[in-house]
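The lines below spell out each chain.
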Amino acid sequence: EAGVAQSPRYKIIEKRQSVAFWCNPISGHATLYWYQQILGQGPKLLIQFQNNGVVDDSQLPKDRFSAERLKGVDSTLKIQPAKLEDSAVYLCASSPGSPNQPQHFGDGTRLSIL
Amino acid sequence: AQTVTQSQPEMSVQEAETVTLSCTYDTSESDYYLFWYKQPPSRQMILVIRQEAYKQQNATENRFSVNFQKAAKSFSLKISDSQLGDAAMYFCAYRSTNTGNQFYFGTGTSLTVIP
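The sections below set out a description of the structure shown in this document.

What counts as what
Residues numbered from 1 in each chain as written. Chains lettered and ligands numbered in written order. Predicted model: local features only at pLDDT ≥ 70, side-chain atom pairs only at ≥ 80, totals over all residues. Heavy atoms only, no water. Contact = heavy atoms within 4.5 Å. Polar contact = N/O pair within 3.5 Å; in protein donor to acceptor, adjacent residues only side chain to side chain. Helix = DSSP H or I, 4+ residues; strand = E, 2+ residues; numbered from the N terminus. Nonpolar A, V, L, I, M, F, W, Y, C, P; charged D, E, K, R; others polar. Disulfide = S-S within 2.5 Å. Phe/Tyr/Trp six-rings, centres within 6.5 Å; stacked < 30°, edge-to-face > 60°. Buried < 20%, exposed > 50% of the residue type's maximum accessible area, 1.4 Å probe, protein only. Pairing = 2+ DSSP bridges. Axes fitted to C-alpha atoms, helices over the stretch in contact; angles between N-to-C directions.

### Focus: the interface of chain B and chain A
Listed by partner, the interface residues are 21 residues for chain B and 29 residues for chain A. The interface formed by chain B and chain A holds seven residue pairs in polar contact (both at pLDDT 80 or more) in total. Broken down by secondary-structure element, the contributors of at least two residues to the side of chain B that touches chain A are β5 (32-39), β6 (46-52), β10 (88-96) and β11 (103-105) of chain B. In terms of residues, the side of chain B that touches chain A owes the most to one element, β5 of chain B, which gives four residues. Here the residues of the side of chain B that touches chain A are counted per class, giving eight nonpolar, ten polar and three charged.

Right, dumping it as structure tokens:
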């Protein structure tokens, strides 16, 4: 089966600019996750979707980050305006609905803020 | 919220030897799932092994096995006959069975395999 697709692979922007990331989950996976992974740390959940509804966005900095999952399939994560501390790898993952199933991760987008 | 702790930021092992990576977690739930993920330098996270909390038998996947101690809330990963390709960051993860089925990750252990 095709894996989780993410684009772009790398992005370099200046602070205060905006950026958007795209994720296409594995077909049929109801749950989609966005994580932020700062160098040397574990993934931190930003937002979790179940189909097109938000399950958990408690750690999403809502003043600058937004995410949507239209039609319960693809998802986009946006940062506007970006800050230096947003430099990280942004990982998208998907899983089937049942809790015994693991997440499948994409390759991630490495974001560098200048 | 549940917390997952990996107390070993870095570990090293000689090729062909055995290494154990530690993980502890804090939860009040009785039913949950535990996972070990591997993240090579190429960055994509890959599932290594999973354990259901209701199962007493430790999970095994080829050279990878776990020591699951539910009462102690401990979930260590043992890698036998270590290979150069095992070098990576290893993350322990906890998945709740409550509404949302959230995942919680540890901070990772960087494993170096010495030829």
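Next comes the rest of the description.
### Concerning the state of the cysteines
Taken as a whole and judged by the stated rule, the model has two disulfides over all chains. The side chain of Cys23 of chain A participates in a disulfide bridge whose partner is Cys92 of chain A; the two sulfur atoms lie 1.9 Å from each other. Judged by the sign of its S-S torsion, about -70°, the cystine formed by Cys23 of chain A and Cys92 of chain A is left-handed. One end of the pair, Cys23 of chain A, is in strand β3 (residues 19-24); the other, Cys92 of chain A, is in strand β9 (residues 88-95), with 69 residues separating them in the sequence. Two residues, Cys23 of chain B and Cys92 of chain B, share a disulfide whose sulfurs are 2.0 Å apart.

### Comments concerning the packing of aromatic side chains
Summed over all chains, the structure comprises 18 aromatic pairs over all chains. Ring plane angle 85° and centroid distance 5.5 Å describe the contact between Phe105 of chain A and Tyr37 of chain B, whose orientation is recorded as edge-to-face. Of this pair, Phe105 of chain A sits in strand β10 (residues 104-105) while Tyr37 of chain B is found in strand β5, placing the two residues in two different chains. Classification of Phe105 of chain A by relative accessible area gives buried; the value is 4%. One aromatic cluster is present, built from ring pairs that chain together Tyr33, Tyr35 and Phe105 of chain A together with Phe35, Tyr37, Phe103 and Phe105 of chain B.

### As for unusual backbone geometry
Residue and element names in this part refer to chain A. Put simply, Ser7 and Pro8 share a cis peptide bond, and its omega is -5°. Structurally, the position occupied by Pro8 is in the loop between β1 (5-7) and β2 (10-13). Note that the residue after Gln80, namely Pro81, is joined by a cis bond; omega there is -5°. Mapped onto the fold, Pro81 is located in the loop between β8 (75-79) and β9.

### Some words on the sheet that holds β1 of chain A
Within a sheet, adjacent strands bond to each other through the backbone by hydrogen bonds, running parallel or antiparallel. All names here are of chain A. With antiparallel pairing, the four strands of this open sheet are ordered in space as β1-β3-β8-β7. Two strands lie at the open edges of the sheet, namely β1 and β7 (65-68), each paired on one side alone. Looking at each pair of strands side by side, their axes are set apart by 15° on average, direction ignored. In this sheet, β8 lies alongside β7 in antiparallel orientation, the contact comprising four bridges. From the neighbouring strand, Phe65 faces β8, where its bridge partner is Ile79.

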